[in-house]
Amino acid sequence: LRVPAMVVADSLTPEERGDVRRYLHKRLCLAEAASDSRQRAIAHYHLANDLRSLQECREAVGHYAGARRDDPTYCQRWYFVAEYAGALFETERFRTAAALYQAALGAGLPVTPLLADARMFNGEYAESLRLFRAHNKRNPRLEAEWQLKEWFLAHIVETLGSHRQRRQPSKAAHTFDD
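Residues numbered from 1 in each chain as written. Predicted model: local features only at pLDDT ≥ 70, side-chain atom pairs only at ≥ 80, totals over all residues. Heavy atoms only, no water.

A. Representation of the nonpolar core. Tyr64, Tyr74, Phe80, Tyr84 and Tyr101 are the most contacted members of the largest nonpolar core, which totals 39 residues. Of all the secondary structure elements, the ones that give two or more residues to this core are α2 (37-53), α3 (57-70), α4 (78-90), α5 (94-106), α6 (112-121), α7 (125-138) and α8 (144-159). If we ignore the near neighbours within four places in the chain, the residues touching Tyr64 are Tyr45, Ala48, Asn49, Arg52, Phe80, Glu83, Tyr84 and Ala87. Listed in part, the six residues of the second largest apolar core include Leu12, Leu24, Ala43 and Leu47. (Core = buried A, V, L, I, M, F, W, Y, C linked by side-chain atoms within 4.5 Å. Buried < 20%, exposed > 50% of the residue type's maximum accessible area, 1.4 Å probe, protein only. Helix = DSSP H or I, 4+ residues; strand = E, 2+ residues; numbered from the N terminus. Contact = heavy atoms within 4.5 Å.)

Following this line, the structure appears as structure tokens:
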């Protein structure tokens, strides 16, 4: 499967985006018809990346899972693990995203702030703070977002004493809606 080099979402017209999506779906259908699990995995992977680039992460997660199912070696490819983790994060599956980011970090990928973010959103404030501090100390001139999150988490952990929390965003949203 060869995907056109034009998969830069921002540079395509809506018609071209549709053409790319139809092409990717066609490749998946052809691989399914041929019962070719390797080609199915490749097609799922490319569809997942296309969907993720358009912030359609719920559907992307299904295609990442399809790639993993049809070719289990994808789980050994750290770029895949990190991309899959990102899609899971965007669908608020923070614990699973953190586990995948942890695996990617163990393989040497520079995903420490992404792991820290997933841990924070999963309510693991002390561990997230530790990761952000380590990352920001090694990279003092990087994004202000990571520094702000470190400052915020330091307040939560050290001032309020909340090291961990079982987060319930939907209940919290209802509290503020009332």
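Now that the structure has been shown, the text picks up again.
B. Spotlight on helix α1 (residues 14-33). An ideal rise of 1.5 Å per residue puts 28 Å on 20 residues; α1 measures up with 28 Å between its terminal C-alpha atoms. The set of residues buried in α1 consists of Arg17, Gly18, Val20, Arg21, Leu24, Leu28 and Ala31. What you see down the axis of α1 is that its buried residues fit within an arc of 160°, all on one side. Of the residues in α1, the exposed ones pointing more than 90 degrees away from the buried face are Glu15, Arg22, Lys26 and Ala33. Along its buried surface, α1 packs onto α2 and α3. Downstream of α1 by a residue or two, Ser35 has a phi angle that is positive, lying close to 55°. (Expected span 1.5 Å × (residues − 1). Arc of directions from axis to C-beta.)

C. Representation of the packing of aromatic side chains within the structure. This model, assessed by the stated rule, comprises 12 aromatic pairs. When the ring of Phe89 is compared with that of Phe94, the centres are 5.1 Å apart and the planes differ by 65°; the resulting orientation is edge-to-face. Note on Phe94: relative accessible area 12%, which makes it buried. An aromatic cluster is present here, built from Tyr45, Tyr64, Tyr74, Tyr79, Phe80 and Tyr84 joined pairwise through their rings. (Phe/Tyr/Trp six-rings, centres within 6.5 Å; stacked < 30°, edge-to-face > 60°.)

D. Broad picture of the pattern of salt bridges. Under the defined criterion, the tally for this structure stands at 13 salt bridges. In this structure, Arg40 engages Asp70 in a salt bridge whose closest nitrogen and oxygen atoms are separated by 3.2 Å. Residue Arg40 is found in helix α2, and its partner Asp70 is found in helix α3; the two are separated by 30 residues along the sequence. Across the pair, exposure class does not vary: Arg40 and Asp70 are buried alike. A single network of salt bridges, built from pairs that share partners, joins Arg17, Arg21, Asp50 and Glu56. (Salt bridge = Lys/Arg side-chain N within 4 Å of Asp/Glu carboxyl O.)

E. A look at α6. In terms of residue burial, α6 counts as a mostly covered element, since eight of its 10 residues are buried. Those residues of α6 lying buried are Thr112, Pro113, Leu115, Ala116, Asp117, Ala118, Arg119 and Met120. Contacts made by the buried residues of α6 are with α4, α5, α7 and α8. A positive phi of about 85° marks Gly123, the residue just after α6.

F. Local environment of a nonpolar patch on the surface. Together, Leu148, Trp151 and Phe152 make up a nonpolar patch on the protein surface, roughly 380 Å² of accessible area in all. Note that Phe152 resides in helix α8. (Patch = residues over 30% accessible without salt bridge, like charges linked within 9 Å, V, L, I, M, F, W, Y side chains within 5 Å. Areas by Shrake-Rupley, 256 points an atom, 1.4 Å probe, with all protein chains shown as cover.)

G. The arrangement of the packing of α7 against α8 in detail. At a closest axis distance of 9 Å, the pairing of α7 and α8 adopts a crossing angle of 140°. By the angle between their directions, the pair α7 and α8 is classed as oblique. As for how α7 packs across α8, the hand of that crossing is left-handed. On α8, the residues that touch Tyr125, Ala126, Ser128, Leu129, Phe132, Arg133, His135 and Asn136 of α7 are Trp146, Gln147, Lys149, Glu150, Leu153, Ala154, Ile156, Val157 and Glu158. The residue makeup of the contact of α7 with α8, split by class, is nine nonpolar, four polar and four charged. (Axes fitted to C-alpha atoms, helices over the stretch in contact; angles between N-to-C directions. Parallel < 35°, antiparallel > 145°, perpendicular 65-115°, else oblique. Left-handed = near helix turned anticlockwise from the far one by under 90°. Nonpolar A, V, L, I, M, F, W, Y, C, P; charged D, E, K, R; others polar.)

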